[in-house]
Amino acid sequence: MWPDPVLRHVAAPVDDFGPVEQFSQMLVDGMESTAIAATQYHVNAQIIALRGASSPLPGPLVLVNPRVLARSPEEQMRPWREVCLVLPPGLEVDLLRDAWVTVESADSAGR
């Protein structure tokens, strides 16, 4: 939970995809929000799972070693109310989010 220093730590890239599929499924199955990162489980790995409003797909999307290639210009930022599991209960934060991003990543099988 915030302000745990692990939340500011840059996670390590995934090199061994052996356990990633099972861990990714655990992330998706345990999701209580629209996005979760491995670091929120104290797992030092660049893995995030998205669903609902956070995912461009109708179902869950798992990104391994994601890298942002492009993002919307600042003037296209959208207001967003952040309600995150790592924030204290009841705390909501108004912020700006990108209207779109282009991301490159592997899937949980390393493809």
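Our structure's up above, just so we're on the same page.
Position numbers for residues count from 1 along each chain, tracking the sequence in the order it is written. Since the coordinates come from a predicted model, pLDDT governs what is reported: local features require at least 70, and pairs of side-chain atoms require 80 or more to be given and counted, while whole-chain, interface and lining totals use all residues. By convention in this description, side-chain values take in all heavy atoms of the structure and omit both hydrogens and water.

Undergrad: Got a minute to help me understand unusual backbone geometry in this structure?
TA: Even without glycine at this site, His-42 takes up a positive phi of about 60 degrees. Secondary structure is summarised from DSSP: a helix means a run of H or I of at least four residues, a strand means a run of E of at least two, and numbering begins at the N terminus for each. Within the fold, His-42 resides in the loop between strand S1 (35-37) and strand S2 (47-50). Positive phi, close to 55 degrees, is recorded for Asn-65, a residue that is not glycine.

Undergrad: How should the pattern of salt bridges be read in this particular structure?
TA: Where side chains of opposite charge bring their charged atoms close, a pairing between them can arise. Each reported salt bridge corresponds to a side-chain nitrogen of Lys or Arg within 4 Å of a carboxyl oxygen of Asp or Glu. Scanning the entire structure with this criterion turns up 5 salt bridges. Its salt-bridge partner being Arg-81, residue Glu-92 comes within 3.5 Å of it at the nearest N-O pair. Here the residue Glu-92 occupies a position in the loop between strand S4 (78-82) and strand S5 (93-97), and Arg-81 occupies one in strand S4, the gap between them amounting to 11 residues. Residue Asp-94 pairs with Arg-81 through a salt bridge whose shortest N-O separation is 2.8 Å. Placement of the pair is Asp-94 in strand S5 and Arg-81 in strand S4, with a sequence separation of 13 residues. Classification of residues uses two cut-offs on accessible area relative to the type maximum, computed with a 1.4 Å probe and protein chains only: under 20% is buried, over 50% is exposed, and between them is partly exposed. The exposure class assigned to Asp-94 is exposed, which follows from its relative accessible area of 55%.

Undergrad: So what exactly am I meant to see when it comes to the sheet that holds S1 here?
TA: Backbone-to-backbone hydrogen bonds join strands into a sheet, with any given pair of strands oriented parallel or antiparallel. One open sheet holds the 4 strands; their spatial order is S1-S2-S3-S6, and the pairing between them is antiparallel. Both outer strands of the open sheet, S1 and strand S6 (101-106), are each paired with one neighbouring strand and no more. For this sheet, the mean inter-axis angle between neighbouring strands, taken without regard to orientation, is 45 degrees. Whether two residues are in contact is decided by their heavy atoms, any of which lying within 4.5 Å being enough. Whenever a helix is involved, its axis is fitted only over the stretch in contact; in every case the axis is a line through C-alpha atoms, and angles between N-to-C directions fall within 0 to 180 degrees. With respect to the sheet, helix H1 (residues 20-29) is in contact with S1, S2 and strand S3 (61-71), its orientation differing from that of S2 by roughly 40 degrees. Pairing between strands is defined by DSSP: at least two bridges between them are needed.

Functional significance is not addressed by these values, which are geometric in nature.
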